[in-house]
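# Working through the structure, step by step
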Amino acid sequence: MASENQDPAIRILCRRFQIIRNESGIQWLIGSPFFPRYTVISTFRCIHTTSSNSLSPDFAKESDDIRTLLPKGFEVIGALIVEKDCNFDKIAKEAINAACNLRKSLSSDANLGNLELIGAVVDLNNAKDVRFFVSRDGKMDSLESVSSIVYEDNPEKFVWERGCLLHCALQVKLPLYFQPSKPNDIHEIYMRAADAVASKFRDPQVTCLIEASNETSGAIVLRGSELSTDSSSSFAELKDSDTKALLCSHFSSRNKVITSFSSIEESADKIQVSFLLNKSMNSVKPSAPIAEYYPATQETQLLVIGHKLEVLCYASKDLSLAYGISKLVIPALVDQLHSMRKVNIPDLLKGHPELHPYHFLPPGILHPITVLYELSYGETELKQVETRRSLHLRLGLPFDRPLLRISNAIDVVGKKHSSSLVQKGSSFLKDVHLTIPSSGVSGGVASLVQGSYQYYHYLHEGLDDSGWGCAYRSLQTIISWFKLQNYTSIDVPSHREIQQALVEIGDKDPSFIGSREWIGAIELSFVLDKLIGASCKIINVRSGAELPEKCRELALHFENQGTPIMIGGGVLAYTLLGVDYNDASGDCAFLILDPHYTGSDDIKKIVNGGWCGWKKAVDSKGKHFFLHDKFYNLLLPQRPNMV
């Protein structure tokens, strides 16, 4: 960490800033008190403004959103303003002022002390040029320009070797007694009940059970009296206050070396925190229970509101467990409870809204986010869709893929094994192309399928479809891609179900069901439209010799759409997973997943046998992979435009 007398340096962990052409705005810079100062891990776009001016944040709404979205252990450390024809010094001061006001809105502590904040500026005339300034005390008269910018090569390793996740899930029930004749009173009663629950987290009788999710260490117990009640201490002071305290590193995986980051479930150390209320501590001598009766003067109704709280917090591994719970977990639980109680009186009287927290790690973001979803809407209900669209806007995520649906939520307790070649509960191999060698195209650029798929081939599930089912198998692989990317919840259809769909739309006669008739690209497009609502683009070529001419178009498909492609020619069908193309020389290769394979699901046998591999249109021996005397149809499924 730089000393006070050294020139400041900005460390950038996030991949890139989300700069939208011709659009001014503010982005909040996110860091952590556990990182070296001026370290930016992500950015959140400001989406609430007080007027049509995109540079006038509504700090109350912004702080409400960010308090829910951003896990404790991360914080706003500055702001980036995008503006056209800007005065850099002037705009940098506005950025730091906005960040300072947001910090004040987010904090319950009126005295924030000296704030070290970053003010970044981008001129839309040159969006690649980001200028950084820092204020060591949050004041406008102490601005320093920063010329030293460090981009971290392995940001995942930087984040998860330093820190771990604290996870706590808790069921809360709030009994509300109210008079039916005064329904407006229920909201105040509800607020008081929620405040009473929040105060119990710091009760001396609370007991915390702490254990590692990886079972590397035994569980430990902390009493409420051992937790910190000092809300003003900084994290640096807390870390140094008790050198003998048990640290978060007690539950870390001692032998874990993070060389590459596959998923937060596998790479991050996780500590489970459970709260128990011990009513027997410091009690008087045992005695018989006493019941007291308080008659109601008017008719009274009981309404029980249930909430499931679930929080994730990021903590340095050298932070005391007691202070991690006091300064991170408990404030996170309180904030989440307060976020959940912002409901309307009619909703309370109907039962209560089904609010549920979910945690996500979208692509390109290095830390988890937490979202409260109203489950009674359903994932496709308009209000839920608009909630996700707003989140995509804030996080700079694309609007044509469902990255924040419930099925995308990360598995904190480690029940999923999504990175495995074999999907849990399924006999189908996943993502077999990940293990194959390079294509051999000199100077080429590989454009590949985006996301996961399952490998369907001849003889799967006991069905002998050798000689006629290759297009069915390619379609099954394509539909598995849509399912694994959460565009659909339907099961991958069987051959008979595919035939049934074609009969239902009138493309085939009823006698087609149960037959061994071939299908092609046109039929596949009909089935994809009927079963999952996916549209398709079809490319026709008169001869296999023309396929290399389509490589540029195919590369654009994989870069923009990322879906598997079916290639049908003559009596054969293949699944195309990517192309490697040298634009200058025209040299190219096709990544083929062959559905004609009839062996066992042995990844080595499949790769070594060439059933999944790069194929040149003409190999070194002059053999043509695509036949010159056959026409080919290429089916390019399009991503649904949805979130």
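What counts, and at which threshold
Residues numbered from 1 in each chain as written. Predicted model: local features only at pLDDT ≥ 70, side-chain atom pairs only at ≥ 80, totals over all residues. Heavy atoms only, no water. Helix = DSSP H or I, 4+ residues; strand = E, 2+ residues; numbered from the N terminus. Expected span 1.5 Å × (residues − 1). Buried < 20%, exposed > 50% of the residue type's maximum accessible area, 1.4 Å probe, protein only. Contact = heavy atoms within 4.5 Å. Polar contact = N/O pair within 3.5 Å; in protein donor to acceptor, adjacent residues only side chain to side chain. Lys, Arg positive; Asp, Glu negative; His and termini not counted. Salt bridge = Lys/Arg side-chain N within 4 Å of Asp/Glu carboxyl O. Pairing = 2+ DSSP bridges. Phe/Tyr/Trp six-rings, centres within 6.5 Å; stacked < 30°, edge-to-face > 60°. Lys NZ or Arg CZ within 6 Å of the ring centre and 35° of its normal. Axes fitted to C-alpha atoms, helices over the stretch in contact; angles between N-to-C directions. Core = buried A, V, L, I, M, F, W, Y, C linked by side-chain atoms within 4.5 Å. Left-handed = near helix turned anticlockwise from the far one by under 90°. Nonpolar A, V, L, I, M, F, W, Y, C, P; charged D, E, K, R; others polar.

In the nomenclature of an unreviewed UniProt entry, the chain corresponds to Probable Ufm1-specific protease from the organism Solanum pennellii.

Turning our attention to helix 4 (residues 185-200). Taking 1.5 Å of rise per residue, 16 residues should cover 22 Å, and helix 4 covers 23 Å from first to last C-alpha, within 8% of that figure. Of all the positions in helix 4, only I186, I189, Y190, A193, A194, V197 and A198 are classed as buried.

Turning next to helix 2 (residues 88-106). In this model, helix 2 (19 residues) spans 27 Å end to end at C-alpha, consistent with the 27 Å of a helix rising 1.5 Å per residue. Taken residue by residue, helix 2 has F88, I91, A92, A95, I96, A98, A99, C100, L102 and R103 as its buried positions. As for helix 2, its buried residues are in contact with strand 2 (25-31), helix 1 (59-69), strand 5 (75-83), strand 6 (117-123), strand 7 (130-135) and strand 8 (143-146). One side-chain oxygen at the N-terminal end of helix 2 lies 3.2 Å from the backbone nitrogen of D89; it belongs to N87.

Within the fold, D123 resides in strand 6. With no salt bridge to any partner, buried D123 finds its closest opposite charge in R131, at an N-O distance of 7.8 Å. In this structure the side chain of D123 is engaged in a polar contact, spanning 2.9 Å, whose partner is the backbone nitrogen of N125. The contact partners of D123, leaving out residues within four places of it in the chain, are E83, K84, D85, C86, F88 and D129.

Attention now moves to the sheet that holds strand 1 (residues 9-12). With parallel pairing, the three strands of this open sheet are ordered in space as 3-1-9. Single-partner strands in this sheet number two, and they are strand 3 (39-40) and strand 9 (148-151). Bridge analysis of strand 1 against strand 3 gives two bridges, and the strand direction is parallel. The residue bridging R11 from the neighbouring strand is T39, located in strand 3.

As a further point, take unusual backbone geometry. The phi angle at L459 is positive, at roughly 75°, despite the residue not being glycine. Its place among the elements puts L459 in the loop between strand 17 (445-448) and helix 10 (470-484). One non-glycine residue, N486, lies in positive phi territory at about 70°. Relative to the elements of secondary structure, N486 occurs in the loop between helix 10 and helix 11 (495-504).

Attention now moves to the environment of L312. Following the sequence through the fold, L312 ends up in strand 14 (residues 301-316). Each C-alpha atom of the pair L312 and A332 lies 8.0 Å from the other, and the pair is 20 residues apart in sequence. When near neighbours in sequence (up to four residues on either side) are disregarded, L312 contacts P71, K72, L165, L166, H167, H359, P368, I410 and V412.

Another point: the pairing of strand 7. Where burial is concerned, most of strand 7 is hidden: five out of the six residues are buried. In this sheet, strand 8 lies alongside strand 7 in antiparallel orientation, the contact comprising four bridges. Bridged to S135 within strand 8 is L143.

A few words now on the packing of aromatic side chains. On inspection of all chains with the given rule, the structure shows 21 aromatic pairs. Ring geometry for F35 against F74: centres 6.5 Å apart, planes inclined by 65°, an arrangement best described as edge-to-face. With F35 in the loop between strand 2 and strand 3 and F74 in the loop between helix 1 and strand 5, the pair connects residues that are 39 residues apart, well separated along the chain. Residue classification places F35 among the buried positions, given a relative accessible area of 3%. Seen from their ring centres, F590 and F626 are 5.0 Å apart, and the 80° between their planes marks the pair as edge-to-face. One end of the pair, F590, is in strand 21 (residues 588-593); the other, F626, is in the loop between strand 22 (612-615) and strand 23 (632-637), and 36 residues separate them in sequence. The same class applies to F590 and to F626, which are both buried. Three or more aromatic residues link up through ring pairs in this structure, and these residues are F34, F35, F74, F158, W160 and Y314. One Lys or Arg, R162, reaches over the ring of F158 and ends 3.7 Å from the middle of that ring. When the ring centre of F512 is taken as origin, the NZ or CZ atom of K508, which lies over that ring, is 5.3 Å away.

Taken in spatial order, the six strands line up as 4-2-5-6-7-8 in an open sheet, and their pairing is mixed. In this open sheet, the two strands that pair with only one neighbour each are strand 4 (42-45) and strand 8. The average undirected angle you get between the axes of adjacent strands in this sheet is 30°. Here strand 2 pairs with strand 5 via seven bridges, running antiparallel. The residue bridging I26 from the neighbouring strand is I81, located in strand 5.

Counting residues in each nonpolar core, the largest one holds 101 residues, and the members touching the most others are W28, F275 and I325. Take this core: its biggest share by element is eleven residues, from helix 7 (residues 321-340). Sequence-distant contacts of I325, that is, excluding residues within four places in its chain, are made with C208, I210, L222, L227, V273, F275, I330 and P331. One finds F482, V492, V527 and A555 within the second-largest nonpolar core, a separate group that totals 66 residues.

Here we come to the packing of helix 10 against helix 12 (residues 521-532). How two helices sit against one another is set out by the angle between their axes and by the gap between those axes. In contact at an axis separation of 11 Å, helix 10 and helix 12 are set at 35° when each is read in the N-to-C sense. The crossing of helix 10 and helix 12 is right-handed. Where helix 10 abuts helix 12, its residues A471, L475, I478, I479 and F482 lie against L524, V527, L528, L531 and I532. Residues of the contact of helix 10 with helix 12, tallied by class, amount to ten nonpolar, no polar and no charged.

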